[in-house]
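Listed below, chain by chain, are the residues.
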Amino acid sequence: MSESVSLSLRDVHLAFGHHRVLRGVDLDVAQGATACVIGPSGSGKSTLLRTVNRLLEPDRGDVLLDGRSVLGDDPDALRQRIGMVFQQFNLFPHMSVLRNITLALRRIRKLGEDEAAALAREHLDRVGLAAKADARPAHLSGGQQQRVAIARALAMQPQVMLFDEATSALDPELVKGVLALMADLSSQGMTMVVVTHEMGFAREVADTVAFMDAGVVLEAGEPAAIFESAQHPRLRRFLSQVL
Ligand code: ADP
Ligand code: MG
């Protein structure tokens, strides 16, 4: 794994037209720490993650890795440092699992075929899917496909990993395996931001839980502080609905 880094958002604003979706987001994730972002649908969680890896540009504010602004960086170079995993796995259906992983290694990291394949196999092994290298994604379960997507992101040796509801599209019996993999990664010291509805995961794995509502982080703290002594009435209401 590449050396992980700290991640900070400072007063991040972003609007789609007149719709102000992020209204001054502040978030700090220490090096090697895991932040879980919880909150109602439409509160801006996905927009926030997309702003971190510059799929979207903030109107105002700053995104920092190890204390240094990344907003002037080349977006492609930045995306090599920040891996992202989506609810829909976004694997290429016509390619083998192995090719899904080697593609970016060859095109973006410019590795040779053998080197890319070796790295891909190493990461498939890490997510427990070494035997599936030659399979097409459609022949894998949703949980296995998501683990391939995670292996694909990890093979780029990112310094930060972002997860956007990575288990929300999975059948219930497949959720555990993916969460266990994410917990593993967290315990190995990857800096992670995890948008999730899995409150058990947030409670057990997160170093920080941030509650987003209407485009701001309304309250953030250690899991115990959030789940047992939430201050903000909106957070208390949210938790009473999801727990
Ligand atoms: P969450 O992930 O918390 O459910 P999102 O970040 O997806 O929330 O969306 C926040 C708000 O921004 C929603 O009202 C959504 O409709 C709006 N939104 C998201 N992406 C776009 C876009 N590309 N164009 C216009 N509005 C968007
Ligand atoms: Mg979302």
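Summarised in this report is the structure supplied together with it. What you are looking at is a predicted structure, and each value in this text was computed from that prediction instead of being measured.

## Structural notes on the overall build of the chain
For the chain, the helix and strand inventory stands at 9 helices and 10 strands. Taken over C-alpha atoms, the radius of gyration comes to 18 Å for the chain, in line with the 18 Å a tight globule of 243 residues would show. If you line up the chain on its principal axes, its C-alpha atoms span 55 × 40 × 35 Å. In the chain, buried positions account for 52% of the 243 residues. Sequence separation of at least 24 residues holds for 67% of the intrachain contacts in the chain that already meet a minimum separation of 6. Carbon and sulfur atoms make up 46% of the accessible area of the chain, which totals about 11,100 Å². The averaged location of the 29 negative side-chain charges in the chain is 5 Å from the averaged location of its 26 positive side-chain charges.

## Quick word on the site of ligand 1
Lining the immediate surroundings of ligand 1 are F16, H19, V21, P40, S41, G42, S43, G44, K45, S46 and T47. A distance of 3.2 Å separates an oxygen atom of ligand 1 from a polar backbone atom of S43. Residue K45 places a side-chain N or O atom 2.8 Å away from an oxygen atom belonging to ligand 1. Coverage of ligand 1 by the protein amounts to 59% of the 560 Å² it exposes when considered alone. Breaking the shell around ligand 1 down by element, the ones donating at least two residues are β2 (19-29) and α1 (45-52). Counting residues per element, the shell around ligand 1 draws most heavily on α1, at 3 residues. Grouping the amino acids of the shell around ligand 1 by side-chain chemistry returns 3 nonpolar, 7 polar and 1 charged.

## What about the sheet that holds strand β4 (residues 60-65)?
Strand order across the open sheet formed by 4 strands is β2-β1-β4-β5, with antiparallel pairing between neighbours. Bordering the open sheet on either side are β2 and β5 (68-69), each of which pairs with just one other strand. Bridge analysis of β4 against β5 gives 2 bridges, and the strand direction is antiparallel. Paired with L65 across the strands is R68, a residue of β5.

## Examining the packing of helix α5 (residues 142-155) against helix α6 (residues 172-187)
Where α5 contacts α6, the two axes come as close as 8 Å, and the packing angle between them is 20°. Taken as axis vectors, α5 and α6 run roughly parallel relative to one another. Crossing geometry of α5 relative to α6 is assigned as right-handed. Seen from α5, the contacting residues are G142, G143, Q146, R147, I150 and L154; seen from α6, they are L174, V178, L181, M182 and L185.

The rules behind these values
- Residues numbered from 1 in each chain as written.
- Chains lettered and ligands numbered in written order.
- Predicted model: local features only at pLDDT ≥ 70, side-chain atom pairs only at ≥ 80, totals over all residues.
- Heavy atoms only, no water.
- Helix = DSSP H or I, 4+ residues; strand = E, 2+ residues; numbered from the N terminus.
- Rg over C-alpha atoms; globule rule 2.2 N^0.38 Å.
- Buried < 20%, exposed > 50% of the residue type's maximum accessible area, 1.4 Å probe, protein only.
- Contact = heavy atoms within 4.5 Å.
- Areas by Shrake-Rupley, 256 points an atom, 1.4 Å probe, with all protein chains shown as cover.
- Lys, Arg positive; Asp, Glu negative; His and termini not counted.
- Charge placed at Lys NZ, Arg CZ, Asp CG, Glu CD.
- Near = heavy atom within 4 Å.
- Polar contact = N/O pair within 3.5 Å; in protein donor to acceptor, adjacent residues only side chain to side chain.
- Nonpolar A, V, L, I, M, F, W, Y, C, P; charged D, E, K, R; others polar.
- Pairing = 2+ DSSP bridges.
- Axes fitted to C-alpha atoms, helices over the stretch in contact; angles between N-to-C directions.
- Parallel < 35°, antiparallel > 145°, perpendicular 65-115°, else oblique.
- Left-handed = near helix turned anticlockwise from the far one by under 90°.

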